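Examination of the molecular architecture
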Amino acid sequence: MKESSSRMVRSPILQLLLLAATALWVMAAQSKEPFAIRISCGSRDDVHTPPTNALWYRDFGYTGGRFANATRPSYITPPLKTLRYFPLSDGPENCYYINNIPIGHYQVRTFFALVADPNLDSEPIFDVSVEGTQIISLKSGWSSSEEQCFADALIFVQDTSASICFHSTGHGDPSILSIELLQVDDNAYNFGPSWGKGTILRTVRRWTCGTGKPAFDEDLNGTQWGGDRFWLGAKAFSSGSDQAISTENIIAETSMAPNFYAEALYQSAIVSTDTQPDLSFQMDVDPNKNYSIWLHFAEIDASITGEQERVFDILINGNIVFKNVDIVRMAGERYTALVLNTTVAVSGKTLTITLQPTQGMHAIISAFEIFEIISAEMTTSSDEVSALQTLKSSLGLPLRFGWNGDPCVPQQHPWSGVDCQFDKTKGKWVIDGLGLDNQGLKGLLPSDISKLQHLQNMDLSFNQLNGSIPDSLGQLKSLQILNLNENFLSGSVPANLGGRPLHRASFNFTGNAGLCGIPGLPSCGPHLSIAAKIGIAFGSLIGLLLMVVFAACWWKRRQNILRAQKIAAAREAPYAKAKARTHFARDIQMGKHHRPHEHSRNPAEAAPAKDNLFREDAATMINAILHVLLQPRSV
């Protein structure tokens with residue numbers, strides 16, 4: 001349990017120097033705008049919303065789902081009209097991927113809503129994860145509770161991208177109204193040694209005391225570096241036993257790094273009364289969790305003028321965590337902000353905060369925040385995630401599998417058909433099993449499967465996989481069980497797989513008519529490389545084209561010969577009628593045809609010349625075809 005305070009007793013000179021330094025730091029910090037992005041889920045256009053004219057980008061970055069009109073469950077929900085919902089038929093997990101984000105510390109918030117359709121208006125129950133770590137499980141009744149209609153957490157973005165995923169639990173389709181990613185100070189909400197980049201703070205509850213009105217930081221004129229926190233409003237913890245007070249006086253030491261709390265937060269408070277001197281607040285929490293609690297004070301009661309006039313202990317679940325709290329002494333003066341932080345482990349389902357006066361009669365509080373401390377999940381090896389994504393595409397994995405987000409985390413929602421184990425030496429999750437048998441898969445086994453170096457068993461049997469088994473599959477040295485039986489695989493089984501069963505491995509290739517090369521399968525013919533197979537196919541195509549060309553030329557030549565014979569026969573017919581009378585004349589006529597200097601020929605004699613012309617045409621056609629086929633092409 002850690003105790004800390006934002007202020008200690010200081011000399012007036014030291015206070016002035018600190019205030020000056022802080023003012024300069026704040027001015028420098030505020031000169032740089034924090035990164036911020038807001039998405040209106042399901043919207044096809046950018047949207048601006050009142051009262052601050054906030055920009056919400058049109059829907060992008062999602063892995064699936066459908067858009068619909070939205071029913072806002074609460075008046076604190078952003079005034080947006082659309083949402084995106086994720087039917088279970090599209091997979092049990094769906095995500096938003098937001099890229100090109102500056103590395104840093106961020107507030108992530110997502111609002112939920114109901115589909116504006118009488119057939120789909122039931123309240124869905126689902127889980128939400130950020131960067132592979134589950135941050136919330138929605139509970140029944142969330143749509144009628146202001147504090148449960150959104151999820152809010154502080155995370156570290158370490159690789160310029162962030163994933164926000166929604167996991168179906170079988171109780172309706174997750175429906176998302178909006179997503180916000182707002183940069184905050186890198187050191188915001190540093191609660192001690194266990195805080196860091198491996199830590200996520202999920203907001204359980206924030207209360208601003210004394211006003212009774214809920215508000216966002218923007219409503220309180222807070223700086224952008226504080227994010228846009230939402231505060232529930234409490235006018236009293238116990239009706240009749242405490243009272244609200246407020247002031248318009250300036251509050252010192254607000255809007256300061258790293259948390260940048262708005263001044264208005266400290267201008268109201270709840271004070272106990274004579275009827276009940278203790279101030280006590282109780283709420284339900286998840287058991288067996290660690291919680292970071294931030295308590296806010298400022299002495300704004302005009303009846304308190306100095307130290308020792310109001311002193312109280314702070315107890316959490318009956319245990320004193322801060323003793324003899326004197327706001328004036330610890331803050332240095334009246335109308336000055338004081339923040340106390342502690343971490344507690346809660347074993348039960350109730351968290352009770354009590355302020356118990358020890359001097360004076362009454363306790364006071366301006367606001368408080370409660371966070372669940374969540375250890376960020378270690379993610380899966382990026383190489384193995386990439387290999388699974390390639391496998392998903394290559395096998396044509398059905399939508400119902402999902403396979404979005406991280407394969408192994410959150411541990412409550414691993415990918416269907418994927419078995420994981422944690423590699424302590426690498427600090428990463430790895431894939432050691434794939435069970436995708438009898439799923440109607442119709443694709444190919446990709447060579448990238450060799451990246452699954454920790455795979456021990458793989459079952460892809462009783463599918464419709466085709467093609468060959470990649471040689472890279474033999475690089476999986478840990479593989480002990482491989483079932484590829486009852487598919488449409490062909491070709492030679494890689495040699496580095498063939499001998500593995502002799503070393504207590506169990507491989508099954510049966511039921512693939514085209515496989516060969518190992519005991520139990522047909523022997524393979526001469527091995528041909530892929531290049532050789534392509535060459536054979538190319539040569540066969542050229543041969544087929546040549547045959548077609550020659551057949552066309554032969555047919556054309558035959559038609560010309562027949563036509564020439566018909567013409568010759570028609571010309572010789574008149575001579576046949578006068579044959580008896582013109583023997584002598586015919587002899588003379590025929591004699592003329594044998595004169596060496598005569599150049600005239602009948603059509604039949606001209607046929608050889610035409611044949612040469614057709615041969616030239618055929619050669620031209622063949623050369624043109626070969627030029628097209630052999631011309632280099634870009635791939």
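Residues numbered from 1 in each chain as written. Predicted model: local features only at pLDDT ≥ 70, side-chain atom pairs only at ≥ 80, totals over all residues. Heavy atoms only, no water.

This is how it is decided: UniProt positions are given in the numbering used here, feature names are shortened, and annotations may be inferred rather than shown by experiment.
The chain has the name Putative LRR receptor-like serine/threonine-protein kinase in an unreviewed UniProt entry, where Ananas comosus is given as its organism. Per its UniProt entry, the chain bears the Subcellular location (unreviewed entry) comment "Membrane".

1. Regarding the pattern of salt bridges
What counts here: The term salt bridge refers to a side-chain nitrogen of Lys or Arg lying within 4 Å of a carboxyl oxygen of Asp or Glu.
Under the defined criterion, the tally for this structure stands at 18 salt bridges. Three or more residues are tied together by salt bridges with common partners; here these are Arg38, Arg109, Asp152, Glu180, Glu218 and Asp228.

2. Describing the pairing of strand β28 (residues 418-423)
Rule in force here: Pairing between strands is defined by DSSP: at least two bridges between them are needed. Numbered from the N terminus, helices here are DSSP runs of H or I no shorter than four residues, and strands are runs of E no shorter than two.
For β28 and strand β29 (residues 428-435), the ladder comprises 6 bridges, and the chain directions are antiparallel. Bridge assignment links Cys420 to a residue of β29, and that residue is Ile431. In this antiparallel pair of consecutive strands, β28 and β29, the connection spans 4 residues, and Gly427 shows a positive phi of 65 degrees.

3. Observations regarding the sheet that holds strand β34 (residues 506-508)
We apply this condition: Axis geometry follows a simple rule: fit a line to the C-alpha atoms, using only the stretch in contact for helices, then measure angles between N-to-C directions, giving values from 0 to 180 degrees. The contact definition used throughout considers only heavy atoms, calling two residues in contact when any of these lie within 4.5 Å.
Read from one edge to the other, the open sheet built from 5 strands follows the order β28-β29-β30-β32-β34, with strand pairing classed as mixed. In the strand order of this sheet, the two ends are held by β28 and β34, each with one partner. Sheet twist, expressed as the mean angle between neighbouring strand axes with direction ignored, is 20 degrees. Bridging between strand β32 (residues 481-483) and β34 involves 3 bridges; their strand directions are parallel. Residue pairing for β34: Leu482 is matched across the bridge by Phe507. The sheet contacts of helix α3 (residues 382-395) involve β28 and β29, and relative to β29 the element is tilted by about 30 degrees.

4. Thoughts on the sheet that holds strand β11 (residues 133-137)
If you trace the 4 strands from one edge of the open sheet to the other, you get β7-β13-β10-β11, paired in antiparallel fashion. At either margin of the open sheet sits one strand with a lone partner, and together these are β7 (93-99) and β11. Ignoring strand direction, the axes of neighbouring strands in this sheet form an average angle of 20 degrees. By the bridge criterion, 6 bridges tie strand β10 (residues 125-130) to strand β13 (residues 161-171) in an arrangement that is antiparallel. Considered in β13, the bridge of Phe126 is made with Ser168.

5. Describing the confidence of the model for the chain
The cut-off we apply is this: Confidence of the predictor at the level of single residues is captured by pLDDT, which takes values from 0 to 100.
Per-residue pLDDT for the chain averages 85, and the proportion of residues at 70 or more is 81%. Per-residue pLDDT stays below 50 along residues 1-10; that stretch engages in 38 contacts with residues further than four places along the chain or on separate chains. Note that residues 575-610 has pLDDT below 50 and, in this model, 4 contacts with residues that lie over four places away or in other chains.

6. Notes on the packing of aromatic side chains
Here is the rule: Any Phe, Tyr or Trp ring, taking Trp's six-membered ring, that has another such ring centre within 6.5 Å forms a pair; planes under 30 degrees apart are called stacked, those over 60 apart edge-to-face, and the others tilted. In this analysis the charged atom, NZ for Lys or CZ for Arg, is taken to sit over a ring once it is within 6 Å of the ring centre and within 35 degrees of the ring normal.
In this structure the tally under the stated criterion is 22 aromatic pairs. Measuring from ring centre to ring centre gives 5.8 Å for Phe112 and Trp142, while their planes differ by 75 degrees; the resulting arrangement is edge-to-face. Here the residue Phe112 occupies a position in strand β8 (residues 104-112), and Trp142 occupies one in the loop between β11 and β12 (150-157), the gap between them amounting to 30 residues. Every member of this aromatic cluster is reached through a ring pair, and the members are Tyr62, Phe86, Tyr96, Phe112, Phe126, Trp142 and Phe166. Across the ring face of Trp56, the terminal group of Arg38 is positioned such that the distance to the ring centre comes to 5.9 Å. Sitting above the plane of the Tyr62 ring, Arg84 keeps its charged end 3.5 Å from the centroid.

7. Focus on the state of the cysteines
Stated precisely, the cut-off is as follows: Cysteine sulfur atoms that pair up within 2.5 Å are treated as a disulfide. Exposure categories follow from relative accessible area, calculated using a 1.4 Å probe and restricted to protein chains: below 20% of the type maximum is buried, above 50% is exposed, and the middle band is partly exposed.
Taken as a whole and assessed by the stated rule, the structure comprises 3 disulfides. Here Cys95 is linked by a disulfide to Cys165, with a sulfur-sulfur distance of 2.0 Å. Here Cys95 and Cys165 share a disulfide; its torsion about the S-S bond, 105 degrees, makes the bridge right-handed. Separated by 70 residues along the polypeptide, Cys95 in strand β7 and Cys165 in strand β13 bring together distant segments of the chain. Of the two residues, Cys95 and Cys165, both sit in the buried class. What pairs with Cys516 in a disulfide is Cys524, and their sulfur atoms sit 1.9 Å apart. Classification of the bridge connecting Cys516 and Cys524 rests on its S-S torsion, roughly 110 degrees, and on that basis the disulfide is right-handed.

8. Description of empty space enclosed by the protein
Filter applied, for reference: Only protein atoms enter the 1 Å grid used here. Points where a 1.4 Å probe fits but cannot escape make up a cavity, open sets with protein on both sides within 12 Å along at least five of seven lines make up a pocket, and a residue lines them when an atom lies within 4 Å of a point. Grid points are joined across faces, edges and corners, and a volume is the space filled by probe spheres set on the points.
For the coordinates displayed, the defined rule picks out 5 cavities of 30 Å³ or more. Along its surface, the largest cavity is lined by Gln107, Leu154, Val184, Ala188, Tyr189, Arg206, Trp225, Gly226, Arg229, Pro258 and Asn259.

9. Details of the side chain of Arg310
The following threshold applies: By the criterion applied in these results, polar contacts are pairs of N or O atoms within 3.5 Å in which, for protein atoms, one can donate a hydrogen and the other can accept it, and in which residues neighboring in sequence qualify only through two side-chain atoms.
Turning to its location among the elements, Arg310 is positioned in the loop between β21 (289-297) and β22 (311-316). Classification of Arg310 by relative accessible area gives buried; the value is 4%. Here the side chain of Arg310 touches Asp301 through a polar contact of 3.1 Å, side chain to side chain. The residues contacting Arg310, other than those within four sequence positions of it, are Val271, Glu299, Asp301, Ile304, Val325, Asp326, Ile327, Gln359, His362, Ala363 and Ile364.

10. Description of the side chain of Asn259
Counting through the fold element by element, Asn259 comes out in the loop between β18 (242-246) and β19 (268-272). In this structure Asn259 comes out as buried when scored by relative accessible area, which is 7%. At 3.1 Å, the side chain of Asn259 forms a polar contact with the side chain of Tyr261. Apart from the residues lying within four places of it in its own chain, the contact partners of Asn259 are Ala188, Tyr189, Gly226, Arg229 and Trp294.

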